[in-house]
Number of protein chains: 2
Amino acid sequence: MKLKQFALVGFGLLVATSAFAQQKAEDLIKTRQGAYKVIAWNVGRIKTNVEGQFNKDEVLKAATAIQALANSGLGALYAPGTDKGVGYHETAAKPEIFDPNNKKIGEVAGNFNKEANELAKVAAGGDKEAVKVQLGKLQQACKACHDDFRKEDHRH
Amino acid sequence: MKLKQFALVGFGLLVATSAFAQQKAEDLIKTRQGAYKVIAWNVGRIKTNVEGQFNKDEVLKAATAIQALANSGLGALYAPGTDKGVGYHETAAKPEIFDPNNKKIGEVAGNFNKEANELAKVAAGGDKEAVKVQLGKLQQACKACHDDFRKEDHRH
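Each value, and the rule that gives it
Going along each chain's sequence as written, the residues are numbered from 1 onward. Written order determines the labels here, with chains lettered from A and ligands numbered from 1. Only residues with pLDDT of 70 or above have their local features reported here, since the model is predicted, and side-chain atom pairs are shown and tallied only from 80 upward, although totals for entire chains, interfaces and linings are computed over all residues. Calculated side-chain values reflect all of the structure's heavy atoms, with hydrogen atoms and water omitted. Our superposition of the copies is a least-squares fit, built on the C-alpha atoms of residues whose pLDDT is at least 70 in both. By the convention used here, residues are in contact when the closest approach between their heavy atoms is within 4.5 Å. Take the accessible area each of two parts loses on contact, using a 1.4 Å probe, and add the two losses: that sum is the buried area. The term salt bridge refers to a side-chain nitrogen of Lys or Arg lying within 4 Å of a carboxyl oxygen of Asp or Glu. Segments assigned H or I by DSSP are reported as helices when at least four residues long, segments assigned E as strands when at least two residues long, and all are numbered from the N terminus. Note on residue classes: Ala, Val, Leu, Ile, Met, Phe, Trp, Tyr, Cys and Pro are nonpolar, Asp, Glu, Lys and Arg are charged, and everything else, Gly too, is polar. Only residues whose relative accessible area exceeds 30% and that form no salt bridge enter a patch; like-charged residues are grouped when within 9 Å of one another, and nonpolar side chains (Val, Leu, Ile, Met, Phe, Trp, Tyr) when within 5 Å. Each accessible area value is a Shrake-Rupley result obtained with a 1.4 Å probe; residue values ignore everything except the protein chains displayed when judging cover. Exposed residues in this analysis have more than 50% of their type's maximum accessible area, buried residues have under 20%, and partly exposed residues fall in between, with area computed by a 1.4 Å probe over protein chains only. One less than the number of residues in a helix, times 1.5 Å, gives the span that helix is expected to have. Between N-to-C directions, angles cover 0 to 180 degrees, with each direction set by a line fitted to C-alpha atoms, over the stretch in contact for helices. Every angle not falling under 35 degrees, over 145, or within 65 to 115 is termed oblique; those three ranges are roughly parallel, roughly antiparallel and roughly perpendicular. Crossing handedness: left-handed means the near helix sits turned counterclockwise from the far one by under a right angle, and right-handed means the same turn made clockwise. Residues belong to one nonpolar core when they are buried, are Ala, Val, Leu, Ile, Met, Phe, Trp, Tyr or Cys, and are joined through side-chain atoms within 4.5 Å.

The operation relating chain B to chain A is a screw motion whose rotation component is 180°, with 0.0 Å of axial translation and a residual RMSD of 0.0 Å. What we have between these two chains is a two-fold relation. Using C-alpha coordinates, one finds that chain B approaches the rotation axis most closely at B:G34, a distance of 1.9 Å.

Here we take up the interface of chain B and chain A. Every contact between the two is made by 25 residues of chain B and, on the other side, 25 residues of chain A. Between chain B and chain A, the buried area comes to about 2,000 Å², and carbon and sulfur atoms account for 67% of it. The interface formed by chain B and chain A contains two salt bridges. Of the charged contacts, one joins A:K37 and B:D27 as a salt bridge, the two residues approaching to 2.5 Å between their closest N and O atoms. Looking at the side of chain B that touches chain A, the element that brings in the most residues is helix α1 (residues 3–51) of chain B, giving 11 residues. Here the side of chain B that touches chain A is composed, by residue class, of 11 nonpolar, nine polar and five charged.

Once that is clear, we can look at a nonpolar patch on the surface. Residue and element names in this part refer to chain A. A grouping of F11, L14 and V15 is seen on the molecular surface, where their side chains present a nonpolar patch of about 320 Å² in accessible area. Note that L14 resides in helix α1 (residues 3–51). Taking relative accessible area as the criterion, L14 reaches 57% and is therefore assigned exposed.

All names here are of chain A. Under the 1.5 Å per step criterion, the end-to-end length of helix α3 (residues 103–125) is 34 Å for 23 residues, consistent within 8% with the ideal 33 Å. Taken residue by residue, α3 has V108, F112, E115, A116, L119, A120, V122 and A123 as its buried positions. In the core, the buried residues of α3 are packed alongside α1, α2 (56–70) and α4 (128–149). Following α3 by one or two positions, G126 adopts a phi angle in the positive range, close to 80°.

All names here are of chain B. Two elements in contact, helix α3 (residues 103–125) and helix α4 (residues 128–149), have axes separated by 9 Å at closest approach and are oriented at 160°. The angle between the axes of α3 and α4 places the two elements in the roughly antiparallel class. In this structure, α3 meets α4 at a crossing whose hand is left-handed. Between α3 and α4, the residues in contact are K104, I105, V108, N111, F112, E115, A116, E118, L119, V122 and A123 and A130, V131, Q134, L135, K137, L138, A141, C142, A144, C145, D148 and F149, respectively.

The next subject is the environment of A:A35. Mapped onto the elements of the fold, A:A35 is located in helix α1. Sequence separation between A:A35 and A:K47 is 12 residues; the distance between their C-alpha atoms is 18 Å. Dropping the residues within four chain positions of it, A:A35 is found in contact with A:L69, A:L74 and B:V38.

Our focus in this paragraph is the environment of B:G81. Residue and element names in this part refer to chain B. On the secondary structure map, G81 appears in the loop between α2 (56–70) and α3. Relative accessible area serves as the criterion here: at 46%, G81 is assigned to the partly exposed category. Separated by 17 residues in sequence, G81 and F98 have C-alpha atoms that sit 9.4 Å apart.

Okay, the environment of A:K143 next. Residues and elements named next belong to chain A. On the secondary structure map, K143 appears in helix α4. For K143, a relative accessible area of 43% puts it in the partly exposed group. Through-space distance from the C-alpha of K143 to that of V108 is 9.5 Å; in sequence the pair is 35 residues apart.

Among the nonpolar cores identified, the biggest contains 54 residues, and A:I46 and B:I46 are the most heavily contacted of them. Mapped onto this core, the elements with two or more residues apiece are α1, α2, α3 and α4 of chain A together with α1, α2, α3 and α4 of chain B. Look past the residues within four positions of A:I46 in its chain and what remains in contact with it is A:V59, A:A62, A:A63, A:I66, A:L119, A:V131 and A:L135. The next biggest cluster of nonpolar side chains, apart from the first, holds five residues, and it includes A:Y78, A:I97, A:V108 and A:F149.

Set out below in C-alpha cells:
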C-alpha cells in the first residue's frame, strides 16, 4: 500500500472511530437524561400519594424503581466524552461532575443512594407520614446534587 | 359579567387547559421513551457480560433495574391523549396499543414482566449460561411487543 493510500485509510478510520465515539456519547447522555426523567416521574407519583389518597402498592412500586435505578450504577453514564453534547437535549451536567478529583460527587451520589434505599424500606412499611418525611429527605439529596452539578438552564 | 366577557374567560380557560393537557401528555411520552431507553441500556449491559467477561454484580444491578421498571406500572405512561405526539421524539407507539379492547397488550406486557422477574432471579444465582438463556427470553418478550405495537420508523 502506498503511503498516500495508507494515510487515507488511516484518516477514514479516524473519522469512523470519532463518529462512533460521538454516537456512543450521545447514547449515554440520552440514557442518563432518561434515567432522571423516570426517577422524577416516580418521585412525582409518591408526592401525589403523600399529598392525597395514599396507595401503598403504587408508592412501593415507585420507590422500588427509584431504588433500583439509584443502585444500578448511573455513574457509568458519565463516561469521558459525555461532558458536552446533546442527548435528547443539551446536557445540563456541569463540567465539575466530570472532575475525578472532586470529592463532593461521591458524597452527593452516596447520599442519594442512601435516601433511595431508605425510601424503599419505609415504603414497604406503608405508613403515609413516614413516607412523606423520607421523600423529603430524598428530594433534599436530589437538590444537593442539582445545586452543585446541574446547570440552571436545564430542560427535561 | 357580560356574556362576551364570560365567553372570553371560558375560551381562555379552554386554551390553558388544553395547553396543560398537551404538556402533561408530552411529559408522559418523554417518560416512557426514557424508561425504554434505560431498559435497553441495562439489557445491553447484561448482553456485554454474557458475551464477554461476566461481572455478577453488574448483571444483578442491571437485572434489578429492569425488573423494577417492568413492575413499576409503565402502563400509566400510555394514558389517553398520549397516542400521538412528540416526547423526546415522535412517539413510535402504534394506535393499537391504546385500544382498551386489544387483549394482546395484557399478554405481551404480562410476559415482559414475567421474563424480567425471572431474569432478576437468575441473575442473583450468578450463572453466566443461565443468565444468557434468560436474557434471550426477555429479548423475545421485548420483540413480541415491538412487532405488534411499535412503528418501524422508531428512533431512540
